[in-house]
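# Examining the three-dimensional arrangement
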Amino acid sequence: MFLRVGIRWYTQHILFGWLALGYASSAHAESYWLGRSSQVWNPLAVRQVCRISRDGVSTSSFPLTHNPSCVRAPLPNGTDTIMEDFCVYTNSFFSNGRGISLITTPEVFSDMTAEVYYDEESRVNNEDHLYVERQTAGRGTGLFAQRSFIAGETYMVKTPVLLIARAALEVVPREDGTTLLRQAVNQLPVYTQELLMNLAKSKGSDEINDMVQTNSMRLDFAGVKYLGVIPEAARVNHVCRQNSYYRFHDFSMTLEVFAIRNVDEGEEFSFSYGLSDQPHDIRQQAIKANWEFTCKCALCNAPKADIEASDKRLARIAELKYMLPTEPNKGPHLIVALPELIDLMTEEGLIVDRPQYEEILAYAWNAYGDDQRAKEWAGRARMGWEIIAGKGSWEVKRMKNLEEHPKQHQSWNMWEEYWHEDDDHNDAGHDHDHDHDHHH
Ligand SMILES: C[S@@+](CC[C@H](N)C(=O)[O-])C[C@H]1O[C@@H](n2cnc3c(N)ncnc32)[C@H](O)[C@@H]1O
């Protein structure tokens, strides 16, 4: 489908915890413990092979400081159920002594390599001059800028100290899940344990589950979905129009947090915990239901008329997204719908999702045979991607390529054949005054 050509839909949402810890109820799931953890001596000298890798081929050279402890739980697999092991893997020296515990399957763990472990330098950062934790009025601790930042600038690079496969949370009964979590935390250095256990709680459930639920972020790591706890990033409070976003780098196993618009010295950093594109009342209710606080961000506290105007824009944004064509022969409608969508997103401050639509619009103009407009929109998408995906990202390379060589792109003049086939397709998108010598 044309719309999807070369586009990775940017779906990594910032969601702390967010209903994620739905442990299987013990009514339909039985599990049992496979092993007990004990200290492993001198893990750095002996690159340990994962002892319980089961396929006989893959091994892990990610050193461990503790023997893995595992629980076996039934995992639905189509109409069948297979038994799957979930284990705690700890290296308490990881990332300059900060430590890391993973809860995942032996297969996934055995794909982890020594490179992840030994690429130390990029992770050791003193970031004291970039941000500071401070008490806020009514929002607990928050994270504040120690200097000004421009859009796209990174202010934090940290490794997670807990990484929990979301599948584990779905299938392991709560009691065993809690035991795995407790073990994962207890095997970390005392300093890191304190960092974790001093984080905010919000659920009123047992301490360790509450800590993970309130503070974990959704991450994709090596194609597997995880919840990660990064104690420094967990201090970032919610607003509905955030100034920060994050990327997770598989290879260095680091979370990179950056500004998505200019931030002044002393300003509080913020994420949106989700639902930014929902109308005011729904956002408020969902946030209250999931994190037990009433959002009083600038948008939620704005005068009634402004909230109504925002809700109206959000409704139109949803409508436009829903109506976007996916058939190549309906492509010209993109040229009409996307500028309105992009303008509304800009007005609404929904910056994170915007570059993908600018990119589609660039392809649309290219398909229409207008290389000038294709270049212009590719340039705008590139600038957006530089912030959201990073300057070295392949999204940026892809847009540079389109900017430089629009006529060599597969989308070039793609719609011509449809217009030849059916003149009805010819009437959309004529809001410009260029000559289109390719048409007829
Ligand atoms: C991930 S933590 C953020 C850091 C937290 N404030 C702390 O003290 O560590 C999430 C918790 O912070 C608080 N919080 C975050 N954003 C808030 C907001 N906009 N208004 C009120 N409380 C907020 C809530 O208690 C929420 O459960």
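Residues numbered from 1 in each chain as written. Predicted model: local features only at pLDDT ≥ 70, side-chain atom pairs only at ≥ 80, totals over all residues. Heavy atoms only, no water.

### Observations concerning the pattern of salt bridges
Two side chains bearing opposite charge may form a pair once their charged atoms approach each other closely. In total, this model carries 23 salt bridges according to the counting rule given. Here Asp220 ties to Lys225 by a salt bridge, and the two come within 3.8 Å at their closest N and O atoms. A relative accessible area of 37% means that Asp220 is categorised as partly exposed. Here Arg380 makes a salt bridge to Glu358, at a shortest N to O gap of 3.8 Å. With a gap of 22 residues between them, Arg380 in helix H12 (residues 371–388) and Glu358 in helix H11 (residues 354–368) connect regions that are remote in the sequence. (Salt bridge = Lys/Arg side-chain N within 4 Å of Asp/Glu carboxyl O. Buried < 20%, exposed > 50% of the residue type's maximum accessible area, 1.4 Å probe, protein only. Helix = DSSP H or I, 4+ residues; strand = E, 2+ residues; numbered from the N terminus.)

### So, helix H8 (residues 280–291)
If you check H8, its first and last C-alpha atoms are 16 Å apart, about what twelve residues at 1.5 Å a residue would give, namely 16 Å. Within H8, burial applies to His280, Arg283, Gln284, Ala286, Ile287, Asn290 and Trp291. Contacts from the buried residues of H8 go to strand S11 (237–238) and helix H9 (304–323). Positioned one or two residues after H8, Glu292 has a phi angle of 60 degrees, which is positive. (Expected span 1.5 Å × (residues − 1). Contact = heavy atoms within 4.5 Å.)

### Quick notes on the environment of Tyr155
Looking at the element boundaries, Tyr155 is found in strand S7 (residues 154–158). In contact with Tyr155, other than residues within four places in its own chain, are Glu127, Leu130, Tyr131, Leu143, Phe149, Val236, Ser244, Val257, Phe258, Ala259 and Phe269. Here the side chain of Tyr155 touches Ser244 through a polar contact of 2.8 Å, side chain to side chain. (Polar contact = N/O pair within 3.5 Å; in protein donor to acceptor, adjacent residues only side chain to side chain.)

### Concerning the packing of H12 against helix H13 (residues 394–404)
Look at H12 against H13: their axes get within 8 Å of each other, and the N-to-C directions meet at 165 degrees. Comparing the axis directions of H12 and H13 gives the class roughly antiparallel. Where H12 crosses over H13, the handedness of that crossing is left-handed. Here Lys375, Ala378, Gly379, Ala381, Arg382, Trp385 and Glu386 of H12 lie close against H13, whose contacting residues are Glu395, Val396, Arg398, Met399, Lys400, Leu402 and Glu403. Along the lines of polarity and charge, the residues of the contact of H12 with H13 split into six nonpolar, one polar and seven charged. (Axes fitted to C-alpha atoms, helices over the stretch in contact; angles between N-to-C directions. Parallel < 35°, antiparallel > 145°, perpendicular 65-115°, else oblique. Left-handed = near helix turned anticlockwise from the far one by under 90°. Nonpolar A, V, L, I, M, F, W, Y, C, P; charged D, E, K, R; others polar.)

### Focus: the nonpolar core
Counting 43 residues, the largest nonpolar core has Phe149, Tyr155, Leu163, Met253, Leu255, Val257 and Phe269 as its most contacted members. For Leu163, the residues in contact, after removing those within four places along its chain, are Ile100, Ser101, Leu102, Ile103, Leu219, Phe221, Tyr226, Leu227, Gly228 and Met253. Leu314, Leu334, Trp365 and Trp415 belong to the second largest nonpolar core, which has 39 residues in total. (Core = buried A, V, L, I, M, F, W, Y, C linked by side-chain atoms within 4.5 Å.)

### What about the site of the ligand?
The environment of the ligand is formed by 17 residues, the closest being Arg139, Thr141, Arg235, Asn237 and His238. Taken by itself the ligand offers 560 Å² of open surface, and the protein chains cover 91% of this. Mapped by element, the contributors of at least two residues to the shell around the ligand are helix H7 (207–215) and S11. Among the residues making up the shell around the ligand, the classes are represented as seven nonpolar, eight polar and two charged. (Near = heavy atom within 4 Å. Areas by Shrake-Rupley, 256 points an atom, 1.4 Å probe, with all protein chains shown as cover.)

### Things to note about the packing of helix H5 (residues 174–186) against H7
Close contact between H5 and H7 brings their axes to 9 Å; oriented N to C, the two are set at 80 degrees. The orientation of H5 with respect to H7, classified from their angle, is roughly perpendicular. In contact with Arg174, Thr178, Leu181, Arg182 and Val185 of H5, H7 contributes Ile208, Asn209, Met211 and Val212. Its residues assigned to classes, the contact of H5 with H7 shows five nonpolar, two polar and two charged.

### Points about the pairing of strand S5 (residues 131–135)
Inspection of the sheet shows S5 paired to strand S6 (residues 141–145) by five bridges, in the antiparallel sense. Note that in S6 the partner of Gln135 across the bridge is Thr141. As consecutive antiparallel partners, S5 and S6 are separated by five residues, and within that stretch Gly138 has a phi angle of approximately 85 degrees, a positive value. (Pairing = 2+ DSSP bridges.)

### Observations concerning the state of the cysteines
Throughout the structure, instances matching the rule amount to one disulfide. Two residues, Cys70 and Cys87, share a disulfide whose sulfurs are 2.1 Å apart. Judged by the sign of its S-S torsion, about 105 degrees, the cystine formed by Cys70 and Cys87 is right-handed. With a gap of 17 residues between them, Cys70 in strand S2 (residues 69–77) and Cys87 in strand S3 (residues 80–91) connect regions that are remote in the sequence. (Disulfide = S-S within 2.5 Å.)

### Examining the sheet that holds strand S12 (residues 244–249)
In space, the three strands of this open sheet follow the order S7-S13-S12, with antiparallel pairing throughout. Of all strands in the sheet, those bounded by a partner on one side alone are S7 and S12. The mean angle between the axes of side-by-side strands here comes to 20 degrees, regardless of whether they run parallel or antiparallel. Of the pairings in the sheet, the one linking S7 to strand S13 (residues 254–259) comprises four bridges and is antiparallel in character. Residue pairing across strands places Thr154 opposite Phe258, the latter belonging to S13.

### So, the environment of Arg134
Turning to its location among the elements, Arg134 is positioned in strand S5. Owing to a relative accessible area of 38%, Arg134 belongs among the partly exposed residues under this scheme. Setting aside anything within four residues of it in sequence, one finds Arg134 in contact with Gly140, Thr141, Gly142, Phe144, Gln146 and Gly266.

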